[in-house]
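# Overview (structure and organization)
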Amino acid sequence: MDNSLPPADELVLVDRELAQLDARRSQLLARRAWLIRVLHAPAASAALPPRPPVADSTPRGAQNVLLTLGGTLLTIAAIAFTVVSWGSMGIGGRAAVLSAVTAAALVAPVALLRRSLVSTAEAVAALGMVLMVLDAYALHRVALPETDGLGYAAVAAAVLAAAWTAYGSALSRLRVPLPVAVVAGQLPLPLGVLAAGGGSTAFAWAALLTAAADGAVVLWARPAPVRITAVTGAVALGGWALLTGGLLSLTSPWDGAPLLLAGAAVTLYLAWRRPSLAVAASAVAGLAAVTAVGGLLRAVVPADWAVPGYVLCGLAAASVWWLRAGTAGTISASTPEAGTRPGGSTADASGARLPAGVRLGLACAGAATAALGVVWALPPVAAGLLGPLARTTEVWSGEHAEHASAWYPGTAALVLAVTAAALASLPRLWARCGALALVWALLTALPVSLGLPFAATLALQLLTSAAALCIAVRPGPATRGLRTTAAPGGRSGAPGTDSGPGAPTPPVTAPSAAPSGPSADGPSAPPAGGPGAPWPGWAPVRPRTQAPVAAPGTVLGWSAYAGGLASAVSAVALSLDVRVATFLALGVVLGLCSAVAVLGVDARRVVSACGAVLTATGLVFAVAAAGGFEDHWTALGLLLVPAATAALGARAPRPVALAIEITGGAVGLLALGIAASRPAFLALALALGGVIAAATAVRPERRRFAAWTAAALFLSATWVRLAVWDVTTPEAYTLPVTVPALVVGFLRRRRDPEASSWTAYGPGLAATLLPSLFAAWTDPEWVRPLVLGVAALVVTLLGARFRLQALLVLGGTVLALDGLHELAPYVVQAVGALPRWLPPALAGLLLLAVGATYEQRLRDARRLRDRVARMR
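None of these values were measured; they are calculated from a predicted model.

### Looking at unusual backbone geometry
Unlike most non-glycine residues, Trp396 shows phi in positive territory, near 60°. Positioned with a positive phi, Arg803 is a non-glycine residue whose angle comes to about 55°. Mapped onto the elements, Arg803 comes out in the loop between α30 (783–802) and α31 (805–833). With a relative accessible area of 41%, Arg803 lands in the partly exposed category.

### Points about helix α20 (residues 579–599)
Here α20 contains 21 residues, and its C-alpha end-to-end distance of 30 Å stays within 8% of the 30 Å for a straight helix at 1.5 Å per residue. Tucked inside the fold, the buried residues of α20 contact α18 (454–473), α19 (552–575) and α21 (602–627).

### Thoughts on the side chain of Thr419
Its location among the elements puts Thr419 in helix α16 (residues 411–424). On the basis of relative accessible area, Thr419 is assigned to the buried category, the value being 6%. With sequence-adjacent residues up to four places away left out, Thr419 is seen in contact with Val311, Val374 and Leu438.

### A look at the nonpolar core
Residues Ala685 and Leu686 are the most contacted members of the largest nonpolar core, which totals 25 residues. Only α21, α22 (631–638), α24 (654–675), α25 (679–696) and α26 (703–724) provide two or more residues apiece to this core. Those residues in contact with Ala685 that lie beyond four places of it in its chain are Leu636, Leu639, Leu672 and Ala675. Formed by 24 residues, the second largest nonpolar core is a distinct cluster that contains Val381, Ala412, Ala413 and Leu416.

### A few points about the packing of aromatic side chains
Two descriptors summarise a pair of aromatic rings, namely the distance from one centre to the other and the angle between the planes of the rings. Throughout the structure, instances matching the rule amount to 6 aromatic pairs. Residues Tyr269 and Trp272 carry aromatic rings whose centres are separated by 6.0 Å and whose planes lie at 50° to one another, so their mutual orientation is tilted. Of this pair, Tyr269 and Trp272 are both found in helix α10 (residues 253–273), 3 residues apart, which corresponds to roughly one turn of the helix. For Tyr269, a relative accessible area of 37% translates into the label partly exposed. Look at Trp376 and Tyr408: their rings are 5.5 Å apart centre to centre, the planes differ by 40°, and that puts the pair in the tilted class.

### So, the pattern of salt bridges
Counted by the stated rule, this structure contains 7 salt bridges. A salt bridge links Glu701 to Arg699; the nearest nitrogen and oxygen atoms lie 3.1 Å apart. Overall, the relative accessible area of 49% leaves Glu701 in the partly exposed class. Connected through shared salt-bridge partners, Glu661, Arg699, Glu701 and Arg702 make up one network.

### Describing the confidence of the model for the chain
Mean pLDDT over the chain stands at 79; residues scoring 70 or higher make up 77%. This stretch, residues 325–352, has a pLDDT under 50; its non-local contacts, to residues over four places away or in other chains, come to 29 contacts. pLDDT under 50 marks residues 486–541. Its contacts with residues more than four places away, or in other chains, come to 56 contacts.

### Quick look at the side chain of Thr457
Take Thr457: it is sitting in helix α18. A polar side-chain atom of Thr457 sits 2.8 Å from the main-chain carbonyl oxygen of Pro453. Contacts of Thr457, omitting those with residues within four sequence positions, involve Pro447, Leu452 and Leu574.

### Considerations on the packing of α18 against α19
Relative to each other, α18 and α19 sit at 155°, their axes nearing to 7 Å. In terms of orientation, α18 and α19 fall into the roughly antiparallel class. Note on packing geometry: the crossing formed by α18 with α19 is left-handed. Taken together, the residues of α19 that come into contact with α18 (itself represented by Phe454, Thr457, Leu458, Gln461, Leu462, Thr464, Ser465, Ala468, Leu469, Ile471 and Ala472) are Gly557, Ala560, Tyr561, Gly563, Gly564, Leu565, Ser567, Ala568, Ser570, Ala571, Leu574 and Ser575. Taken together, the residues of the contact of α18 with α19 break down into 13 nonpolar, 10 polar and no charged.

### A look at a nonpolar patch on the surface
Side chains of Trp782, Val783, Leu786, Val787, Val790, Val794, Leu798 and Phe802 sit close together on the surface and give an oily, nonpolar patch of about 780 Å² of accessible area. Along the chain, the position of Leu786 falls in helix α30.

### Looking at the environment of Leu438
Here Leu438 is to be found in helix α17 (residues 429–450). On the basis of relative accessibility, which here comes to 10%, the residue Leu438 falls in the buried class. For Leu438 and Leu423, which are 15 residues apart along the polypeptide, the C-alpha to C-alpha distance reads 9.1 Å. If we skip the residues at most four places from it in the chain, Leu438 touches Val374, Leu416, Thr419, Ala420 and Leu423.

Cut-off values and rules
Sequence order as written defines the numbering, with residues in each chain counted from 1. Given that the model is predicted, a residue must reach a pLDDT of at least 70 before its local features are reported, and side-chain atom pairs must reach 80 or more before they are shown or counted; all residues, however, enter totals for whole chains, interfaces and linings. Think of the side-chain values as coming from all heavy atoms in the structure, minus any hydrogens and water. Comment: elements are numbered from the N terminus, with helices defined as DSSP H or I runs of at least four residues and strands as E runs of at least two. Only protein chains enter the accessibility calculation, which uses a 1.4 Å probe. A residue is then buried if its area is under 20% of the maximum for its type, exposed if over 50%, and partly exposed in between. To estimate the expected span of a helix, subtract one from its residue number and multiply by 1.5 Å. The contact criterion used throughout is that any non-hydrogen atoms of two residues lie within 4.5 Å. Nonpolar cores were defined as sets of buried Ala, Val, Leu, Ile, Met, Phe, Trp, Tyr and Cys residues, with membership established by side-chain atoms within 4.5 Å. Here the aromatic set is Phe, Tyr and Trp, taking the six-membered ring for Trp, and pairing holds for ring centres within 6.5 Å; pairs whose planes are under 30 degrees apart are stacked, those over 60 apart are edge-to-face, and all others are tilted. Criterion for a salt bridge: a side-chain nitrogen of Lys or Arg within 4 Å of a carboxyl oxygen of Asp or Glu. What pLDDT reports is the predictor's confidence in each residue, on a scale of 0 through 100. For this analysis, a polar contact is any N or O atom pair within 3.5 Å, provided that within protein one partner can donate a hydrogen and the other can accept it, and provided that sequence-adjacent residues contribute only side-chain to side-chain pairs. Axis angles are defined between N-to-C directions and span 0 to 180 degrees, where every axis is a line fitted to C-alpha atoms and, for a helix, only to the segment in contact. When an angle is under 35 degrees it counts as roughly parallel; over 145 it counts as roughly antiparallel; between 65 and 115 it counts as roughly perpendicular; any other value is oblique. For any pair of crossing helices, the crossing counts as left-handed if the nearer helix is rotated counterclockwise from the farther one by less than a right angle, and right-handed if it is rotated clockwise. Just so you know the grouping, Ala, Val, Leu, Ile, Met, Phe, Trp, Tyr, Cys and Pro go in nonpolar, Asp, Glu, Lys and Arg go in charged, and all remaining residues, Gly too, go in polar. Think of a patch as exposed residues, more than 30% relative accessible area, with no salt bridge, where like charges cluster within 9 Å and nonpolar side chains (Val, Leu, Ile, Met, Phe, Trp, Tyr) cluster within 5 Å. Only the protein chains shown count as covering a residue, and every accessible area follows the Shrake-Rupley method with a 1.4 Å probe.

Written as structure tokens, this is what we have:
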């Protein structure tokens, strides 16, 4: 079949390819020219001009230091003059000096500002304001000595604040007078209340009114130093007033509530007018309002209902978040169109009065109050969950310990219920998880709060565990109503993961087009990113990776699963008071864990499968305890658990199978530890464990590990049985190891002829030959050395025949040592019968013979070494 193109079409294709190659060649040449220019750029040969010495301080800084020092010295001189030298002058001289100096200090900045000497004017104006304070002090000492000090200080502070405000407004270029006027304005009302003998409540009202005035300054003043000073004063005095109101709400609610509500109103107005402070200010306002209303409710309800009252107030404050936000609170006040619609009508009233920042702050305050209420309600939950674990009675004694928190108010359950209902109404994943946790906490705390009997408590805990595990397996109903958002890229995201209505959408920008050829400035133009930036044509486009977001069902499922397991453990611990209840609770928990292991997903299946194995182990212990079995019989019964896990592991999925088999193996080790007190039963338990492991070895994926485990268990059982029978012959312990090892080695060599004989036969032979050799050296009889020598001779001959290094070396070594042991007594007797000169003579003859044939013997030794090394 001919697939070639017609000549005309092929010519067009070739021309197109050539054009693309030319364009690419032009790009590469341009890049090459620019790189050469960068690499071989001439170094600047001209020396750099010497840098002028850096001054220690700038002229402006030196000027400010000098002015500050001068003003400080003059202020100290004025204070010394007023306090010390005042009495040496007459009344006219005193008035003339202070008036003249103060007037001069206040008028001088006018002339200085005309000459643009702003810093000097600031220093002189500050001196003038200090002199005004000294004038007020002098006036009190001379003219009004009988006047109350606090009252005079309040009036003087008010007059000075007004005077400094007028002075700073007239000379707007001065930055000091207005902030100092704000500071002076903090004093009149509190000092006036103290002068009038008012108590803490009146002082708090005065502080609140002063803070409100500071808030007005923050809203309408323009200079930043003035606003900062006013904010500082408002926070200090307003915080004092609100703290005083909070303390009064605990002791005298009807006196503290008006103060708190007034402070909340002032703070809320400030939050509405200043969007930058909306969240913090509205949160403070919400806390103050909740404290006020909650204090009033606490005064009219019983003591146990005080916290629920606060929680209800907090939830009411948090519900403000769901009121629709208007545009007035979210658009800057500088925009005149903020409160109007396109048609000219104003925004709806609820939106204008509740901006997003205000709603968020109030919601945070309410949520914080509800959270504190939930923390207050947690002791019954802890008592219901952990109380059964701290046992004070005997197992199956029929006695029931009292709950540690039985004295706690029963309204704690109401707090949990109300808060759970409030969270359940929110279409958010975090709220749904919180509601689920609170419902579980409510069911756990009910037996403690209501004082339920033992049977009802156990039934409620088992039902709680069952319900939670059902949600963990099928969390679909719990995710209904969660809000769904669109994920980036147009796909629908998971429900409940949005950030609320009006969440900003990130802008999408189009990528800049990369140049397809040389730039207009010529080939020497560098890329936009600089010399170190990659060439735009070569820059790889990396896809944006987003962090994986867990599905709502997974999050809710794990939350419910944790609660279900905790309730199951607590129920089992509680059921130990009564025998029948123990079997009932263990059976129910076993069924629940098995159901989750079959129907669940991800790691919950694995954990539940392990829990089912542990619960079955508990059932075996319970049956043994109920039947009065001894420990060794209990150990044999526990082996049913690993046997069952081995059978289930053959059909279970791989992660679940591995988990339950490991757990079953741990139970088997526990059984062996229990049976260790009776060696005969320990041997039986080891043998049964070997049978279980051998049955597991039938499966291909477990064959290697299970086979070795079975061999080790069978061998251990054999050794323990021999020890029980008082067998001391080492071959009885080693031959059961050697025979299977040699069989396995033979099969290994048959399948892989290149395998080393040390790997195939070395361990098996060493397991018997070496212990038997040690026993032969200490055995006075002749049977063991003879049998060992014959066996070593056979092994050596087999190694020489089949060229197996391990057999030849081990057999020859054992044979030589065994023969040496047998001939040693006769050698000693013969040496003792010979003359003393004969052994040295024989040694000399041996050395002469070896020396005469040294080269030949050396060649023979090398040939022997090479021949042995060539063996497998």
